[in-house]
Amino acid sequence: MAYKGRRAVDPHVVMAEVIGTKQVSPNMMRVTLGGDELDRFTPAGYDQWFRLFLPRAGQDMLRLPTRTSGLWYAEYLTTPRARRPWVRNYTVRAARPDLNELDVDFVLHAGEDDGEEAGGHDAGHGAGHAAGPGAGFAQAAEQGLRVGLLDQGVAYNPRHDHDWTLLVADESGLPAVAGICESLPDDARGVAVVEVPTAADKQEFRAPAGVEVRWVVRSEVAGDDAGQGGTHDAAAHAVPGRAALADLCALDLSGHGGDVYAFTIGESALATGARRHLVGERGVPKAHVDFVGYWRHGKAAPS
Ligand SMILES: Cc1cc2nc3c(=O)[nH]c(=O)nc-3n(C[C@H](O)[C@H](O)[C@H](O)COP(=O)(O)OP(=O)(O)OC[C@H]3O[C@@H](n4cnc5c(N)ncnc54)[C@H](O)[C@@H]3O)c2cc1C
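Notes on the structure in this doc start here. (Residues numbered from 1 in each chain as written. Predicted model: local features only at pLDDT ≥ 70, side-chain atom pairs only at ≥ 80, totals over all residues. Heavy atoms only, no water.)

Overview of the site of the ligand
Step number 1: Near the ligand, the surroundings consist of 27 residues, among which R88, H109, G134, R296 and A301 are the closest.
Step number 2: The contact in question runs from an oxygen atom of the ligand to an N or O atom on the backbone of V107, over 2.8 Å.
Step number 3: Across the complex, the protein chains shield 95% of the 910 Å² of accessible surface that the ligand would expose by itself.
Step number 4: Residue contributions to the shell around the ligand peak at four residues, all from strand β4 (residues 86-91).
Step number 5: Residues of the shell around the ligand, tallied by class, amount to 13 nonpolar, nine polar and five charged. (Near = heavy atom within 4 Å. Polar contact = N/O pair within 3.5 Å; in protein donor to acceptor, adjacent residues only side chain to side chain. Areas by Shrake-Rupley, 256 points an atom, 1.4 Å probe, with all protein chains shown as cover. Helix = DSSP H or I, 4+ residues; strand = E, 2+ residues; numbered from the N terminus. Nonpolar A, V, L, I, M, F, W, Y, C, P; charged D, E, K, R; others polar.)

Some points on the sheet that holds strand β6 (residues 101-107)
By definition, the strands of a sheet pair up through backbone hydrogen bonds, in either a parallel or an antiparallel sense.
Step number 1: Spatially, β4-β3-β7-β1-β2-β6-β5 is the arrangement adopted by the seven strands of the open sheet, whose pairing is antiparallel. Bordering the open sheet on either side are β4 and β5 (94-96), each of which pairs with just one other strand. Each strand axis lies, on average, 35 degrees off the axis of its neighbour in the sheet, ignoring direction.
Step number 2: As defined by bridge partners, strand β2 (residues 28-34) adjoins β6 across seven bridges and the pair is classed as antiparallel. Residue M28 lies in a different strand from β6, and its bridge partner there is V107.
Step number 3: Taken strand by strand, helix α1 (residues 71-78) contacts β3 (49-54), β4 and β7 (146-153), and its axis lies near 150 degrees from that of β4. (Pairing = 2+ DSSP bridges. Axes fitted to C-alpha atoms, helices over the stretch in contact; angles between N-to-C directions. Contact = heavy atoms within 4.5 Å.)

What to know about the side chain of H277
Step number 1: Its location among the elements puts H277 in helix α6 (residues 268-280).
Step number 2: A relative accessible area of 11% places H277 in the buried class.
Step number 3: If we skip the residues at most four places from it in the chain, H277 touches L248, C249 and R282. (Buried < 20%, exposed > 50% of the residue type's maximum accessible area, 1.4 Å probe, protein only.)

Details of the packing of aromatic side chains
Step number 1: Evaluated as defined, the whole model comprises twelve aromatic pairs.
Step number 2: Judged by centre distance (6.0 Å) and plane angle (65 degrees), the ring pair of W72 and Y76 falls under edge-to-face. Here W72 pairs with Y76, and both are found in helix α1, just four residues apart, close to one helical turn. Assigned by exposure class, W72 and Y76 land together as buried.
Step number 3: With a centroid separation of 5.6 Å and 80 degrees between ring planes, the pair formed by Y156 and F263 is classed as edge-to-face. (Phe/Tyr/Trp six-rings, centres within 6.5 Å; stacked < 30°, edge-to-face > 60°.)

Observations concerning the side chain of E171
Step number 1: Note that E171 resides in the loop between β8 (164-169) and α3 (174-183).
Step number 2: Its relative accessible area of 8% is what places E171 among the buried residues.
Step number 3: When neighbours within four sequence positions are excluded, E171 is seen to be in contact with M28, V107, E195, V196, P197, R218 and P240.

Here it is in structure tokens:
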């Protein structure tokens with residue numbers, strides 16, 4: 001089966017506003033965005049992602065880049081720091097174009113203080129533990145709060161015919177895995193390995209009957225597999241992605257015949273480690289594996 005990924009259609013920054021929030025699980029907040037300008041945001045399914053522009057503390061006006069393609073970033077950098085919005089990357093969890101609405105699922109991570117500016121989140125949230133402008137925004141998002149979105153298209157992009165799909169993700173990649181599974185044809189086959197912090201963070205989504213979704217629950221795996229010896233609690237707070245990588249490395253994939261297309265996403269060591277394992281240990285051709293480091297443990301996103 002071949003699938004051609006796509007770039008964003010006529011991308012430009014559109015303004016949207018928060019119309020609701022829902023805590024979908026202990027560590028995931030769904031923010032629904034709406035507004036007339038969303039009719040210029042073309043839903044593409046799969047793991048369509050976008051740049052999210054968020055106001056900093058004290059900014060009552062959101063200064064959004066007017067340039068698109070790669071040029072928005074140069075424009076952004078020439079804006080004085082105090083007037084720049086925060087920029088983070090997120091995935092479309094669901095789109096309702098008839099209503100001009102998008103759902104976005106934010107991991108409410110506690111992060112780790114890396115001593116950089118973004119560690120001191122100030123995107124308008126109040127008391128709480130979520131670290132970083134993105135997570136902090138979701139935790140305290142109020143109706144009417146305005147944000148900007150710049151469509152970046154779909155990253156899931158098999159460039160070869162393949163017989164089955166392998167997805168590997170931590171919870172930051174759960175929206176992408178759900179979107180990909182919901183977009184795959186009914187006769188698709190494959191495996192999705194998804195790590196979540198707790199059993200209550202598993203989500204229901206439509207997946208083709210031939211795609212097995214394997215949940216790896218960080219709080220339930222042995223401490224060593226999760227990257228930290230010790231207590232149950234320590235395992236629950238271990239670095240995301242380590243347990244999914246351990247699960248992948250131990251997984252018997254011999255039942256899947258034919259060529260695979262693998263897509264590995266999430267914490268950078270998971271995305272790269274999974275690719276290294278598949279290419280080095282399983283003999284998967286490099287061109288059949290795409291990997292995207294979504295975030296780095298201990299490092300805030302750069303802007
Ligand atoms: C294409 C793409 C799509 C993405 N889609 C989603 C999505 O739909 N939902 C989603 O939640 N994330 C998604 N991410 C990941 C998200 O962009 C990062 O997690 C981002 O760093 C969050 O920004 P922040 O402001 O909350 O934290 P930052 O200010 O960037 O980081 C603050 C601290 O938190 C840590 N941190 C950041 N993210 C996490 C995490 N998930 N878990 C634990 N610690 C973390 C950092 O290491 C740092 O120490 C996506 C990333 C990419 C590249």
